[in-house]
Each structure stands twice: as structure tokens, then as C-alpha cells.
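Fold and contact review
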Amino acid sequence: MNKKTAIILLIFLFIILYGLFQISKYRTFQFFGGLIYRVNTNNKVVALTFDDAPSEYTDQVLTILKEKNIKATFYAIGQNIEKFPTQVKEIVNQGHELGNHSYSHVRLILKPPSFISREVDKTNELIRSVGYSGEITFRPPNGKKLFILPWYLSTHNIKTIMWDVEPDTYASGNSDKIIQYTIQNTKPGSIILMHPFCGMECDADRVALPVIIDQLQADGYRFVTVSQLLGDHK
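Cut-off values and rules
- Residues numbered from 1 in each chain as written.
- Predicted model: local features only at pLDDT ≥ 70, side-chain atom pairs only at ≥ 80, totals over all residues.
- Heavy atoms only, no water.
- Helix = DSSP H or I, 4+ residues; strand = E, 2+ residues; numbered from the N terminus.
- Buried < 20%, exposed > 50% of the residue type's maximum accessible area, 1.4 Å probe, protein only.
- Contact = heavy atoms within 4.5 Å.
- Areas by Shrake-Rupley, 256 points an atom, 1.4 Å probe, with all protein chains shown as cover.
- 1 Å grid on protein atoms, 1.4 Å probe; cavity = no way out; pocket = protein on both sides within 12 Å on 5 of 7 lines; lining within 4 Å.
- Points joined across faces, edges and corners; volume = space filled by probe spheres on them.
- Nonpolar A, V, L, I, M, F, W, Y, C, P; charged D, E, K, R; others polar.
- Arc of directions from axis to C-beta.

1. Examining the overall build of the protein
The number of helices and strands found in the protein is ten helices and five strands. Considering the protein as a whole, with its 234 residues, one finds that 50% of them fall into the buried category. Once local pairs closer than 6 in sequence are excluded, the contacts in the protein between residues at least 24 apart make up 75%. Counting only carbon and sulfur atoms, one obtains 55% of the accessible surface of the protein, whose full area is about 11500 Å².

2. Observations regarding the environment of Phe-197
Structurally, the position occupied by Phe-197 is in the loop between β4 (191-194) and α9 (203-218). According to the relative accessible area criterion, Phe-197 is buried, its value standing at 6%. It is 9.3 Å that separates the C-alpha atoms of Phe-197 and Gln-60, two residues lying 137 residues apart in sequence. When sequence neighbours within four positions are dropped, the list of residues in contact with Phe-197 reads Phe-50, Asp-51, Asp-52, Ala-53, Ser-55, Tyr-57, Thr-58, Val-61, Phe-74, Cys-202 and Arg-206.

3. Quick notes on the layout of surface pockets
Empty space within the largest pocket amounts to approximately 230 Å³. What lines the largest pocket is a set of 14 residues, and nearest its centre among them are Asn-142, Gly-143, Lys-144, Trp-163 and Glu-166. Here the lining of the largest pocket is built from residues that sort into three nonpolar, five polar and six charged.

4. Quick look at helix α6 (residues 148-155)
All buried positions along α6 are accounted for by Leu-149, Pro-150, Tyr-152 and Leu-153. End-on view of α6: buried residues confined to an arc of 160 degrees, all on one side of the axis. Residues of α6 that are buried in the fold lie against α5 (113-129).

See below:
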């Protein structure tokens, strides 16, 4: 192989790898099983979802939801369930939905099937152990998925849930901008993603949450869990 051919092959390989990296981030596509990032409906219903549950801030979030009388979907990390068992049980006791967000929250690309199986199955077992009996959907850590994870989920009839409204991507750390972005981009059938469970860097999400609920309700929206949203779509 001459030098010119080697350079062309390297460039071609880089293009392929870059393309796969971009595909791994897509909110609207995966290679196996399909995914859901919103539903097509004329009804003004939205699903409010929280990633990385539970934490020491769980009670603050639950208090807001209870005051507003709405249900949400919490995507739980297995390690966090083990660390905060009381908080995750309270999520279930208050009638909210639990989803699987992997056990360790590592990016599940370029991982062998055995690793992915442990990440998914162990967290499902932990979710069941706290008394949750509903359907368990899956949200990939950081939204990353490529070949093996979607294949594993599809062969085990586990739905992949993404989102179409994520204010933290565009307005992280500023509650006013989080509110503005969410209100402007929410539409019937939207799945809203928020991150209210970390420390000070998540304060803006916790401040914005009750205002977002109030403003969307004032605009005629009804909040449902992911499973309810999918049921509304049938």
C-alpha cells in the first residue's frame, strides 16, 4: 500500500467514525427497534421526565409535583437507587413512573453485550425491588446509543425513550432561560427532559420547574407520564 492510498483510507475511516459518532447522538433515530422522542397528537398533553434520579434533592422535586398535582417519569440510575432507597420508594409511593437510566450512567456505546445486559437488567431488578410494577422504559445515558444497546433493548421489548425538549442544552444554569426555552418549544405530545437532581448546578432546574408547570397548564397542557403519553397516542 502506497502512502497516498493509506491517507485516503485513513480519511475514509475518519469520515465513517465521525458519522457513527453523530448517529449515536441522534434523538430521532437508532439502528434497531426504533425510539420515541415525542408522539404525534392533537391533544395538549406532555410528559415531564427527569434524568439521574434519585438524589438528596428528590424530596424537593416531589413536593413541587404534589403541590401541582401532576405525575412525572423519573429515569433512575441503578447506583443512585442503591444509595437513596428511601427517596426512590417515595417516588413510587406518590404514583410516579420509574424508568431505567442504566446502572452506572456510562455511555453505552462500544460496550460488549454482557456489559450492556448487566447495566439494563440490574437496574430493572432494582426498580422492581422498590415496588414499581409498571412498564419500565429505557433512556440511554447522555442519549448515546449505536448498535448493541438498541439491539439488546429491541430483543427484550424495552422501549427507548428520548426527548424533544431539553432546556439544559441551551439554557443551563439560568432559570429564566430554562423557562423561556421550554415554553417556546413544547408542543402537543412533547417529552420534556430536565435534570433537577444534582447540586448547585441544578438549582436553576428546580427553580424553573414549578413555573414551567404553571405556564404550560395555563396554556391548556395536561401533564402525564411517558406510558400515559404513549397510551394517548394509540
